[in-house]
Amino acid sequence: FLERFVGVRFYMPGDLGIHVPYLEGRAVVVPPVSYTDGPAFEQRLSSYGNYLTKDHELLGYTRKQGLAWMIALRTADYYALKSGHTDGYWHTFYAAEHPDWFALREDGSRMIGKRGKLAAQRCYTSEAAFQEHLRVIDHYYKTGDGRKLFANSPPNDKYIYWWPNDGFRGCNCEGCLALTKPDAPHGSILSPLVWGYTAKLARAIQERWPGKTLVSSFYSRWADGPGDIKLPKNVTFMIVETREAYL
């Protein structure tokens, strides 16, 4: 009502982001109308209820106001489609016996978690690791065991989730480098590698678990999308954009 008939706008969290038109001496007339609304996306959300942008002190808004802004924009979080970084704990299971399943650094070491939380990254052209990925999905469906291998996004009766651990900057093995475009725009550098794995995994899911949908993401160095890679019809995704400041 406020947006359609009064002209109020909510541009960003806090009082500074609210536009209220000057209406002194005017009457707000609402003609006979009938509206039926429906969401354009199954999920549309922001993290402003949990995180503050770098300029929040200058703008003077709080986390509570950030959450109120999300409500004013009618955002919605359909949790079933909300995937996280699923590969963040693989190193705790496989690094000791299968270091070759993990991303290769330029110095020849493997990213097996010894340098911090984001230092555990998989190699996505390792066929052995891919087959293990399929095996653990199957094992989870049959037994319910191995949840940690999917971090906070284990498979369910409708969806299988996958995207790399946060901070993934690629792998320097021969196979992964062939699918990396270092001179491309930031959002395309890893697109052939990550979206290639997405398509391969989705095809395997079609064969092994018909009716299941793979949830992936447009994010970071593959945010520009799959390009010429044809994705199977059983793929859906989150489009993740980041904003650290308004000013």
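Above this note sits the structure.
Residues numbered from 1 in each chain as written. Predicted model: local features only at pLDDT ≥ 70, side-chain atom pairs only at ≥ 80, totals over all residues. Heavy atoms only, no water.

Caption draft 1: Structural detail: helix α3 (residues 63-72). Every buried residue of α3 is accounted for by G66, W69 and M70. Seen end-on, α3 carries its buried residues on one side only, within an arc spanning 100°. Residues of α3 that are exposed and point over 90 degrees away from its buried face: K64 and I71. The inward-facing, buried residues of α3 contact β1 (9-10). Count one or two residues on from α3 and you reach R74, which has phi positive near 60°. (Buried < 20%, exposed > 50% of the residue type's maximum accessible area, 1.4 Å probe, protein only. Helix = DSSP H or I, 4+ residues; strand = E, 2+ residues; numbered from the N terminus. Arc of directions from axis to C-beta. Contact = heavy atoms within 4.5 Å.)

Caption draft 2: Geometry of the pattern of salt bridges. According to the stated counting rule, one finds four salt bridges in the structure shown. Residue E127 is joined to K200 by a salt bridge in which the shortest nitrogen-to-oxygen separation is 2.5 Å. Taken together, the residues span a long stretch of sequence, with E127 in helix α5 (residues 127-143) and K200 in helix α7 (residues 191-208) at a distance of 73 residues. Here K200 falls in the partly exposed class, since its relative accessible area comes to 30%. Two residues, E132 and R135, come together in a salt bridge whose shortest N-O distance is 2.8 Å. In this pair, E132 and R135 are both assigned in helix α5, three residues apart and thus about one turn of the helix distant. (Salt bridge = Lys/Arg side-chain N within 4 Å of Asp/Glu carboxyl O.)

Note that every value here comes from positions in space, so none of it alone points to a role or purpose.
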